[in-house]
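# Structural characterization, general
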Amino acid sequence: MKYRHYFKAIVYLAVAAAFVLLAAAFVPGLPGWLPQTDLVLVFLLFVLALSGLKPALLFALLIGYLSDSLSFLPFGLHAFSLLIAVLASFFLLTSFLTNRSLYSFLALTVFATIVLWLSERLVDLVLSSLAGQDSHLLWLGGGLVSLLAKLVLNSVLVVVSFQLVNFLTHKLKPVFLAR
Amino acid sequence: MKKVKWKRVGYFGAVIGLLVFFHYLNLLDPLESRLQRLANPALARLHGFAAGASRLYSQQTDRRDLQTVVAELEGQVNRLLEENANLKSLEEENERLRGFLDFAAPAPYRRLMLNVVGKSDLGQANQSITLDRGSQDGLRPGLAIVSQDGIIVGKITKTKEHSAEACLVTSNDCQFAAAIQNQDRTVGLVRGDLGLTVKMELIPQSEQIKSGMTVVSSGLEQSVPRGLVIGRVEEAVRENNELWQAARIASLAKLDNLSIVAALVP
């Protein structure tokens, strides 16, 4: 039983590390607008929808800490903003989007992308002010352009991932009750 | 409707808060340093794959312009051959004169090859790249970063033990002491402009600036050697009633697909 917990912890760490490496090195090097894709957020949304709040929060913590360790942005920015985005998404998912359709996922993705974008900038503002530095993230100009690009690209990624998860598992398939 | 267990959320928030607190007390430095060292090879490999894909994409989109580019480059090569020959004879004369005057040559800079392992997001205030070596390898803020052709790409702004961040020459926060290779030997400060180009401002109107002139580092900065190519003047921007003019400079380095750069360490 104990070994099962250790094995689970190692799997969690390995998956989190894989996503951090992809998000930090692979995605930013892609051509065109592809670097704006938020792989980590889409992954967290699927974990939230399929496994629940606790695993999503655990992944947000692990991915956030690893991203902060590798990044030169204020430490804590990724961890805090991912935590806020996961919580906000959980509220929307359980209060309004109670079915697991593609449209719900798309609405959740748009909402989560905007919440993450806002929380990153707010957390950056707070942490940078405490350190006596200028903000590192843009609100206007490139910031808005990046938000628009993220909304489109994250939605496309969610559509593709949704079809893939549907193909591989039954978790997102509707259940019909026969009389 | 599922309810949020606020206690659990509080625990996660507290853990993150503690991690941030310990980080700023430098208690997590050994762990973070080890993580960076472990991650660097994987980051370099992944970024290399992505940069390769990006280069392939650029090649496909640029194919139709190749003939024009080739013709332009042939003309440039001929002009550069002539310039090179003149410069070689000047170099020999310089060495002879240094010998006569017993003038010590400036200490050479060591080139430290670095892999680019990350790039900044569009939504960040300043364009930057992340490099796979840091303070343990002798890097410090202020050092110049050059491409494989020896053209200035940027400057190191922050370092950790095993990684460093460098601003790109087109970034707003990147400045170099520069000189334009014209008759007046105009010196000034060049700074990145909106992530697209480089600008030198506050140039007296009396100085002659023309399109095509080469802009190099002036050597007035402690950590940046003299003579490194920054770019070429695209346009001299002047208003008749103004005291000053500005020069818009195009960087000669390809900043989109960087995978290997070098730091010039004194």
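Keep in mind that this is a model prediction, so the values were computed, not measured.

Before going further, it helps to examine the interface of chain A and chain B. The interface of chain A with chain B comprises 46 residues on the first partner and 47 residues on the second. The contact between chain A and chain B buries some 3800 Å² in all, and 75% of this surface belongs to carbon and sulfur atoms. Where A:Lys150 meets B:Asp121, a salt bridge forms, and the shortest distance between an N and an O atom there is 3.7 Å. At the junction of chain A with chain B, the criterion picks out eight residue pairs in polar contact (both at pLDDT 80 or more).

We now examine the packing of aromatic side chains. A complete count under the given rule lists nine aromatic pairs over all chains for this structure. An angle of 20° between the planes, with centres 4.1 Å apart, marks the rings of A:Phe19 and A:Phe43 as stacked. With a gap of 24 residues between them, A:Phe19 in helix H1 (residues 2–26) and A:Phe43 in helix H2 (residues 39–51) connect regions that are remote in the sequence. When the centroid spacing of 6.0 Å and the interplanar angle of 40° are considered together, the rings of A:Phe91 and B:Trp6 count as tilted. Linking A:Phe91 in helix H4 (residues 77–95) with B:Trp6 in helix H1 (residues 6–24), this pair reaches from one chain into another. Note on A:Phe91: relative accessible area 35%, which makes it partly exposed. Overall, B:Trp6 belongs to the exposed group, its relative accessible area being 53%. Pairwise contacts between aromatic rings join A:Tyr12, A:Phe19, A:Phe43 and A:Phe59 into one cluster.

This part takes up the sheet that holds strand S12 (residues 260–265) of chain B. Residue and element names in this part refer to chain B. In spatial order, the strands read S1-S2-S5-S4-S3-S12; together these six strands close into a barrel with antiparallel pairing. Strand after strand, the sheet turns through a mean of 45° between neighbouring axes, direction not considered. As judged from the four bridges shared by strand S2 (residues 128–131) and strand S5 (residues 164–168), these two strands associate in the antiparallel manner. Within the sheet, the bridge partner assigned to Leu131 lies in S5 and is Ala164.

With that out of the way, let us pick up the environment of A:Leu151. All names here are of chain A. Tracing the backbone through its elements, the reader meets Leu151 in helix H6 (residues 142–168). Each C-alpha atom, one on Leu151 and one on Asp38, is 9.2 Å from the other, the two residues being 113 residues apart in sequence. Not counting residues within four places of it along the chain, the set of residues in contact with Leu151 comprises Val110, Thr113 and Ile114.

Parameters and conventions
- Residues numbered from 1 in each chain as written.
- Chains lettered and ligands numbered in written order.
- Predicted model: local features only at pLDDT ≥ 70, side-chain atom pairs only at ≥ 80, totals over all residues.
- Heavy atoms only, no water.
- Contact = heavy atoms within 4.5 Å.
- Buried area = accessible area lost by both parts, 1.4 Å probe.
- Salt bridge = Lys/Arg side-chain N within 4 Å of Asp/Glu carboxyl O.
- Polar contact = N/O pair within 3.5 Å; in protein donor to acceptor, adjacent residues only side chain to side chain.
- Phe/Tyr/Trp six-rings, centres within 6.5 Å; stacked < 30°, edge-to-face > 60°.
- Helix = DSSP H or I, 4+ residues; strand = E, 2+ residues; numbered from the N terminus.
- Buried < 20%, exposed > 50% of the residue type's maximum accessible area, 1.4 Å probe, protein only.
- Pairing = 2+ DSSP bridges.
- Axes fitted to C-alpha atoms, helices over the stretch in contact; angles between N-to-C directions.

All quantities given are derived from atomic positions and should not be read as evidence of function.
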